[in-house]
Amino acid sequence: MLLAGKTVVVSGVGAGLGHRIAETVVRDGGSAVLGARTADRLAKSAADIDPEGLRTAHLATDITDEAQCEALAALALERFGRIDAVVHVAAWDSYFGGVEDADLATWQSVLDVNLLGTLRMTRACLPGLKERGGSVVVIGTQSSVAAPSQVRQAAYAASKGALTSAMYSMAREFGPHRIRVNTVLPGWMWGPPVQAYVRFTAHSEGIPEAEVLGRLTERMALPELATDGDVAEAAAFLASDRARAITGQSLLVNAGELMR
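Before going further, it helps to examine the pattern of salt bridges. Taken as a whole and judged by the stated rule, the model has twelve salt bridges. Of the charged contacts in the structure, one is a salt bridge between Asp84 and Arg82, with a shortest N-O distance of 2.8 Å. One salt-bridge network, in which partners are shared between bridges, spans Arg20, Glu23 and Asp228.

This part takes up the side chain of Lys6. Tracing the backbone through its elements, the reader meets Lys6 in the segment before β1 (7–11). For Lys6, a relative accessible area of 15% gives the class buried. Other than its neighbours up to four places away in sequence, Lys6 contacts Gly30, Ser31, Asp84 and Asp241.

Further remarks concern unusual backbone geometry. The residue Arg178 is not glycine, and still its phi comes out positive at about 60 degrees. Among the secondary structure elements, Arg178 is positioned in the loop between α5 (154–174) and β6 (179–186). Backbone geometry places Ala255, a non-glycine residue, at a positive phi of 60 degrees. Structurally, Ala255 is set in the segment after β9 (250–253).

Once that is clear, we can look at the sheet that holds β6. Pairing within the open sheet is parallel, and its seven strands lie in the order β3-β2-β1-β4-β5-β6-β9. Either end of the sheet is taken by a strand with one partner, and the two such strands are β3 (56–60) and β9. For this sheet the average axis-to-axis angle between neighbouring strands, irrespective of direction, equals 15 degrees. Note: strand β5 (residues 134–139) against β6, six bridges, orientation parallel. Bridged to Ser135 within β6 is Arg180.

A few words now on the packing of helix α4 (residues 104–132) against α5. Taken N-terminus to C-terminus, the directions of α4 and α5 make an angle of 25 degrees; their axes are 8 Å apart at the nearest point. Taken together, the axes of α4 and α5 are roughly parallel relative to one another. Here α4 runs over α5; the crossing is right-handed. Residue-level inspection shows Trp107, Val110, Leu111, Asn114, Leu115, Thr118, Leu119, Thr122 and Leu126 of α4 in contact with α5, the latter providing Ala154, Ala155, Tyr156, Ala158, Ser159, Ala162, Leu163, Ala166, Met170 and Phe174. Of the residues belonging to the contact of α4 with α5, the class tally is 15 nonpolar, four polar and no charged.

One finds Ile21, Leu34, Val87, Ile139 and Val184 to be the most contacted residues of the largest nonpolar core, which totals 33 residues. Of all the secondary structure elements, the ones that give two or more residues to this core are β1, α1 (17–27), β2 (31–36), α2 (39–49), β4 (85–88), β5 and α8 (228–239). If one sorts the elements of this core by residue count, α8 sits on top with seven residues. If sequence neighbours within four positions are ignored, Val184 has contacts with Val137, Val138, Ile139, Gly140, Thr141, Val231, Ala234, Ala235, Leu238, Leu251 and Val253. Residues Val9, Ala73, Val113 and Ala124 belong to the second largest nonpolar core, which totals 30 residues.

The rules behind these values
- Every residue gets a number counted from 1 within its own chain, in the order that chain's sequence is written.
- Selection of residues for local features in this predicted model requires a pLDDT of at least 70, selection of side-chain atom pairs for listing and counting requires 80 or more, and totals for whole chains, interfaces and linings are taken over all residues.
- Each side-chain value is worked out from all heavy atoms of the structure, with water and hydrogens disregarded.
- Just to be clear on terms, a salt bridge is a Lys or Arg side-chain nitrogen sitting within 4 Å of an Asp or Glu carboxyl oxygen.
- Secondary structure follows DSSP: runs of H or I at least 4 residues long count as helices, runs of E at least 2 residues long count as strands, and numbering of each begins at the N terminus.
- Burial classes: relative accessible area under 20% of the type maximum marks a residue as buried, over 50% as exposed, and values in between as partly exposed (1.4 Å probe, protein chains only).
- Contacts are residue-level and defined by heavy atoms, with any inter-residue pair within 4.5 Å sufficient.
- Criterion used throughout: strands pair if DSSP finds at least two bridges between them.
- Note on geometry: axes are C-alpha line fits, over the in-contact stretch for helices, and angles between N-to-C directions span 0 to 180 degrees.
- Here roughly perpendicular refers to angles of 65 to 115 degrees, roughly parallel to angles under 35, roughly antiparallel to angles over 145, and oblique to all remaining angles.
- For any helix crossing, the convention is left-handed if the near helix is rotated counterclockwise from the far helix by under a right angle, and right-handed if that rotation is clockwise.
- Throughout this entry, Asp, Glu, Lys and Arg are counted as charged residues, while Ala, Val, Leu, Ile, Met, Phe, Trp, Tyr, Cys and Pro are counted as nonpolar. The remaining residues, Gly among them, count as polar.
- As used here, the term nonpolar core means buried Ala, Val, Leu, Ile, Met, Phe, Trp, Tyr and Cys residues forming a set that is joined through side-chain atoms within 4.5 Å.

Structural data, given as structure tokens:
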């Protein structure tokens, strides 16, 4: 199995992508250590993924708090004795707008979560990762390399673009310890956030949801959106030994909307 015997820390486990990634880790033979700010949501995800509780652990974690990041990494080592990968899903993606109308204080908060929070969580996991090498997988966004026309998320895109730049530095810095660092860049990803967008847009414009979805899919090379499950599969691959020679790379999972 792809992740047999591995322990993977997953930040930002909610109802969507984080849950799918943790679920994929367990399905592929690994143990998943789940972190997010909401304890009840974590407990539900863990119970759904692993009803017997043998291959999951979870702890409420705010990645803007260094001590909480360290506690999540410590839980992984205490419960499973190792850290083989960390997948960063936690992000603030609900602040919309451009630069002209920006509240730059909010931008600072977005950067604190998306950029610095990811770096805090990575640093907390480093002692475990250094023991035998491993993988850091950052969930970025296609918006960091090509701004969408449907919505403005300049702060989110900028913070994720900064993470991609940090990825290159981390790949060089951690490479001697056999730690790989890569980024997955989802485009329009069918899951709870995009489902909500489709419903809201359809209601606002008084049109069928299928019409809104059609606007999104008509730009794809493939005839349907990638799903959060597809992105989870890419993250699991990059966390696995099958990607042992891949580092400092960005992988678009976007049904061919943007090709680079």
